[in-house]
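Chain and residue survey
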Amino acid sequence: MIFLFCTLNNEQRELVEQIFHKHHMQFQRIAFKIVKSEAMAEDAVGTAFIKIMDNIEKISNLPDQKMKAFCVVIVKNTSIDMIRQSQKNVRVEYLESLPDQGICNVEDMCIHNADIHELTELIDQLDPADRNFIYLRYTLEMGYREIGALLNISEDAAKKRGQRLIKKLRNQYESG
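I will try to describe carefully the structure that is included in this document. Quick caveat, the model's predicted, so the values are computed rather than measured.

This paragraph deals with unusual backbone geometry. In the Ramachandran plot, Lys36 falls in the positive-phi region, its phi being about 60° despite a non-glycine side chain. For Lys36, the position within the fold is in the loop between α2 (10–35) and α3 (38–54). Judged by its relative accessible area of 43%, Lys36 falls in the partly exposed class. Positive phi, normally seen in glycine, also occurs at Asn152, with a value near 60°. You can see Asn152 is positioned in the loop between α8 (144–151) and α9 (155–175).

Put into structure tokens, the structure is as follows:
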């Protein structure tokens, strides 16, 4: 990031600093609303500022309101990309962390890996909100109360949603 900052001319550096000082906290709040984590929000804003510096020539020619809107779009898109990336990483980590108990030979291991692959494909077909729920429940091992608080729903609603998702995945798995 510092290297990229050094490649900018003085006017561009001043503009990036001005954008940072004027809008950093707002960008942080926007990112947090999307990623639901302070650390991820900070990473998203940092990455967004790299993208802002990459586009500084386009941004510098815009009026203030359009400049801010352009930057907000960058922050939102960066935050969404981070969630997508973390969901992909988590699914792989989750599948790799599954215990391999009872796998005695190559044939059993192939069947086990095929089951994991099929389950991963079924999870990938879920809508993003359902994939996020699976991530929260089974990767982060959050309880229904925590998930409910995070999603602004009751604990019972979170539990029912989890049960419906498991039933849906089980039905799709058994019919496939």
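From this point on, the discussion continues.
So, on to the packing of α2 against α3. Viewed as axis vectors pointing N to C, α2 and α3 meet at an angle of 135°, and their least axial separation amounts to 8 Å. In terms of their interaxial angle, α2 and α3 are classed as oblique. Considering the relative orientation of α2 and α3, their crossing is right-handed. Within the contact between the two elements, α2 uses Val16, Ile19, Phe20, His24, Phe27, Gln28, Ala31, Phe32 and Val35 and α3 uses Glu38, Met40, Ala41, Glu42, Ala44, Val45, Phe49, Ile52 and Met53. Here the contact of α2 with α3 is built from residues that sort into 14 nonpolar, 2 polar and 2 charged.

Under the counting rule described, the total for this entry stands at 3 salt bridges. Between Arg161 and Asp130 there is a salt bridge whose closest N-O contact spans 3.4 Å. Of the two residues, Arg161 sits in helix α9 while Asp130 sits in helix α7 (residues 128–139), which places them 31 residues apart along the sequence. The shortest N-O distance in the salt bridge between Arg145 and Glu155 comes to 3.4 Å. Residue Arg145 is located in helix α8, and its partner Glu155 is located in helix α9; the two are separated by 10 residues in the primary sequence. You can call Arg145 exposed: its relative accessible area is 61%. Its relative accessible area of 37% is what places Glu155 among the partly exposed residues.

Calculation criteria
- Residues numbered from 1 in each chain as written.
- Predicted model: local features only at pLDDT ≥ 70, side-chain atom pairs only at ≥ 80, totals over all residues.
- Heavy atoms only, no water.
- Helix = DSSP H or I, 4+ residues; strand = E, 2+ residues; numbered from the N terminus.
- Buried < 20%, exposed > 50% of the residue type's maximum accessible area, 1.4 Å probe, protein only.
- Axes fitted to C-alpha atoms, helices over the stretch in contact; angles between N-to-C directions.
- Parallel < 35°, antiparallel > 145°, perpendicular 65-115°, else oblique.
- Left-handed = near helix turned anticlockwise from the far one by under 90°.
- Contact = heavy atoms within 4.5 Å.
- Nonpolar A, V, L, I, M, F, W, Y, C, P; charged D, E, K, R; others polar.
- Salt bridge = Lys/Arg side-chain N within 4 Å of Asp/Glu carboxyl O.

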